[in-house]
Amino acid sequence: MSKELHGIVKGWESKVRKAQAAAKKKRAGVSIFGTMSVAHVDDDLDNPGEVYHAEKVFSNGDMYTGQWADNCPNGHGKYLWSDGCMYVGEWVRGKTNGKGKFSWPSGATYEGQFKNGYMDGEGTYIGCSNDTYRGSWVFNMKHGRGTKNYTNGDHYDGNWRRGRPDGQGRYQWNNGNQYIGQWRNGKMNGSGTMIWASGNRYDGCWEDGLPKGNGTYRWLDGSFYVGVWSEEPKEMTGTYYPSTSQIGHFDWDPQEVYINYLKDCRISRGEKISVFPSQKMVNWPCEGEFLQKQPTLKNSRVNVARTKRASADGRLSSAGGTSWGSESDFGSETNGQMGRGREDDEGFGSLRSDDGDTSKRNRHHHIRIQPTKRQGRTITKGHRNYELMLNLQLGIRHSVGRPAPAQSLDLRTTAFDTREKLWTKFPPEGSKYTPPHQSCDFRWKDYCPLVFRTLRKLFKVDPADYMISICGNDALRELSSPGKSGSFFYLTNDDKYMIKTMKKAEVKVLLRMLPAYYNHVRAFENTLIAKFYGLHCVKLTGSAQKKVRFVIMGNLFCTEYAIHRRFDLKGSSHGRLTDKPESEIDSTTTLKDLDLNFIFRLQKIWFQEFCRQVDRDCDFLEQERIMDYSLLVGVHFREVSQSGEPLTCEARSSRAGNTPGKSTPRLSKADMDLLFDPSRCASIRLGISMPARAEATVRKNDFELIGEPTGEFYDIVLIFGIIDILQDYDISKKLEHAYKSIQFDPTSISAVDPRQYSRRFRDFVFKAFTEDS
């Protein structure tokens, strides 16, 4: 511990002992927020918003000295925890906000930006063993540009994502080896160069920290080896080219790179932070009490208090302003005088009609969460599609279980040939290749089997789990009604996979775009486009000769979170309204564009990635002449009252404020899950279990796609992806566009040119999703 800290601790230890001795004489129910003898007698009765200097000792041994207002730290102050942790810096309504320095008893320090109690912004962390990171932070995690010096002498300079190297970066080991190139999730991944201290180097592709794919190994003498690299010797091929010198490496085995050369190139884990500053934040009682008192404070004293508060904290408004805290601290209440006052103060009066009354269409939607129910009807014997289900399960078991050699992700163009399909007969008595069964005689077709097998590998689908989900003892479930296209949908019992029947035209579209689709999903791991795992056909023998074509996809809503609301968003307005009253809307109701009464606010890092990926996916679909696709969004409200109404962030914060003394941060449940549950953090990806906030909106008219924000926020989890990507702009859609353009506004209908559709879709999505400031 530094001399400065040591002196502060020694000076305050005597005060702690005196305060604790005095506390024993008081009755047990006294608040932990008692004042020291140095404060005035009436200091407990703070004037709302008045900032003054205070020194406080709490009964749990913690101490604070600095600027104080509204019964919590406000401005510059110093807080010393009884366990030796200390923070010196800026506070906003009881939370560390702005510049500050946090010190641990071990000697570790963080100095830089804070936001809502978190290390957030530019900052420097120096560990007790001199493990040092300088750079960008987001929610206690290294994220953005930064450099790190490890205790063992290693050094990394580059991009970070969620605490790990990710993106372009340079890592230098203490033995002189260095890697320059792409990273993913803390491992060398993508295009990169490894340079050994000896001068030899490898330039090429990497995957999960090892050379994988095309690459070249060069010796210092000028000789080199070019080929396809893999840790599996059977998958590795290449050619050695000697230099002009007499010395050669003809006996060299490329596997030496994996066995010996890379064994000393392991990434250091670095020092682990024992406890985060956000975990030390106290639930101050200031916010709940102040919210209850504020509507009655109408004298000039309040305005004076506002002026004092603003002068102590430049983040807040001046005396003439109306903001009393950050957006996450204060929002409009759902009922009571506080909500009406906020609407008048912050300019929401513009949403009222001229006579002062709020029009009916501007009222908030009354959200009521119905108990979640399972979708679909189980297909049992006697169901009209029972035999079709048996045929499908037999075919999948045959296709997935068929032995196949290990394949590289680099596929030849012949694998995408539309004529690349396998027909298999399934007689009831069985054959040399198929088992006997109790269904009817049928034929089974696999389209581009090698491509879809490789796609399943790319999407990390385990073949055994895939087969058990679809072909296990549990039957499939048929959704209650077919889609608009006339297709039927089936769900596996574990909800992992969805099976959709297809028209011949849709099969042709998928096969046509399959090479581009494969390259796209391989290049962009976070793509929002639907994942396809297999394309098959069942042909019934006999007089019917009926063909049923279907595709197997991932079920977007297979998640641990209950889906409370689902939206199918296209960016068009014609026919995009669900004619159901709120009382009949449940978790299975698919709402549309004009039903959307929220703006979804994503954290900065996720919003930036979201915008980039939507642009990439829309560019791909536009190039393939695809239109009429949708963004399917599932919303899970983090906290719901016993009556079934989602709780706003303000209502939850106020409820949390009734229990002062707890040392858990009063932030969103999503943020706390992200920090305290590593398994949840690992499961979060773009579009999958993403913590966010939803802000309620109201529309001025019935044709406005995005309403005006109201300041009413909900903690939510989002699941979303782009679906229905098999409709091209064919002659039928062109005729539909021409016909509807005569009757309706051409910009409001769904059937438009792919370029116009893509542009309209992006404009709408980037308004419905915004950055959470």
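Here's what I pulled together on the structure shown here. (Residues numbered from 1 in each chain as written. Predicted model: local features only at pLDDT ≥ 70, side-chain atom pairs only at ≥ 80, totals over all residues. Heavy atoms only, no water.)

Turning to the pattern of salt bridges, a few remarks are in order. In this structure the tally under the stated criterion is 24 salt bridges. For arginine 145, the salt bridge identified is with aspartate 157, shortest N-O distance 3.4 Å. Placement of the pair is arginine 145 in strand S9 (residues 141-149) and aspartate 157 in strand S10 (residues 155-161), with a sequence separation of 12 residues. Residue aspartate 157 is classed as partly exposed on the basis of its relative accessible area, which comes to 27%. (Salt bridge = Lys/Arg side-chain N within 4 Å of Asp/Glu carboxyl O. Helix = DSSP H or I, 4+ residues; strand = E, 2+ residues; numbered from the N terminus. Buried < 20%, exposed > 50% of the residue type's maximum accessible area, 1.4 Å probe, protein only.)

Take the side chain of histidine 143 next. Along the polypeptide, histidine 143 turns up in strand S9. Among the polar contacts made by the side chain of histidine 143, one reaches the main-chain amide nitrogen of arginine 162 at a distance of 2.9 Å. Excluding residues within four positions of it along the chain, histidine 143 makes contact with Tyr133, Ser136, Trp137, Val138, Trp160, Arg161, Arg162 and Ile605. (Polar contact = N/O pair within 3.5 Å; in protein donor to acceptor, adjacent residues only side chain to side chain. Contact = heavy atoms within 4.5 Å.)

For the rest of this paragraph, the subject is the sheet that holds strand S29 (residues 630-637). Sheets are built from strands that pair by backbone hydrogen bonding, the pairs being arranged parallel or antiparallel. With mixed pairing, seven strands are arranged side by side in an open sheet as S27-S26-S29-S31-S30-S28-S32. Each edge of the open sheet is held by one strand with a lone partner, namely strand S27 (590-591) and strand S32 (769-771). Judged from the eight bridges that link them, strand S30 (residues 690-698) and strand S31 (residues 708-723) form a sheet pairing that is antiparallel. Within the sheet, the bridge partner assigned to alanine 692 lies in S31 and is isoleucine 716. Where helix H10 (residues 604-623) meets the sheet, its contacts fall on strand S28 (598-602), S30, S31 and S32, and the angle it forms with S32 comes to roughly 140 degrees. The strands touched by helix H15 (residues 754-768) are strand S26 (565-569), S28, S29, S31 and S32; relative to S32, the strand with the most contacts, the crossing angle is about 55 degrees. (Pairing = 2+ DSSP bridges. Axes fitted to C-alpha atoms, helices over the stretch in contact; angles between N-to-C directions.)

Attention now goes to the nonpolar core. Phe600, Phe610, Ile725 and Phe769 are the most contacted members of the largest nonpolar core, which totals 112 residues. Not counting the four nearest positions on each side in its chain, isoleucine 725 is found in contact with Met513, Tyr517, Ile529, Phe532, Leu621, Ile626 and Tyr629. In terms of nonpolar packing, the next biggest core, distinct from the first, is built from 48 residues, Trp137, Met188, Tyr258 and Leu262 among them. (Core = buried A, V, L, I, M, F, W, Y, C linked by side-chain atoms within 4.5 Å.)

Looking now at helix H6 (residues 386-401). Across its 16 residues, H6 extends 23 Å between first and last C-alpha, which sits within 8% of the 22 Å expected from 1.5 Å per residue. Within the span of H6, buried status applies to Leu388, Met389, Asn391, Leu392, Gln393, Leu394, Gly395, Ile396, His398, Ser399 and Val400. (Expected span 1.5 Å × (residues − 1).)

The grouping of Asp462, Asp465, Asp474 and Asp494 at the surface amounts to a negative patch. Summarising the element assignment, aspartate 465 is placed in helix H8 (residues 463-471). (Patch = residues over 30% accessible without salt bridge, like charges linked within 9 Å, V, L, I, M, F, W, Y side chains within 5 Å. Areas by Shrake-Rupley, 256 points an atom, 1.4 Å probe, with all protein chains shown as cover. Lys, Arg positive; Asp, Glu negative; His and termini not counted. Charge placed at Lys NZ, Arg CZ, Asp CG, Glu CD.)

With a phi close to 65 degrees, asparagine 71 is a non-glycine residue in the positive phi region. Relative to the assigned elements, asparagine 71 resides in the loop between strand S2 (63-69) and strand S3 (72-80). Even without a glycine there, the phi angle at arginine 162 is positive, about 50 degrees. Mapped onto the elements of the fold, arginine 162 is located in the loop between S10 and strand S11 (164-172). With relative accessibility at 19%, the residue arginine 162 sits in the buried group.

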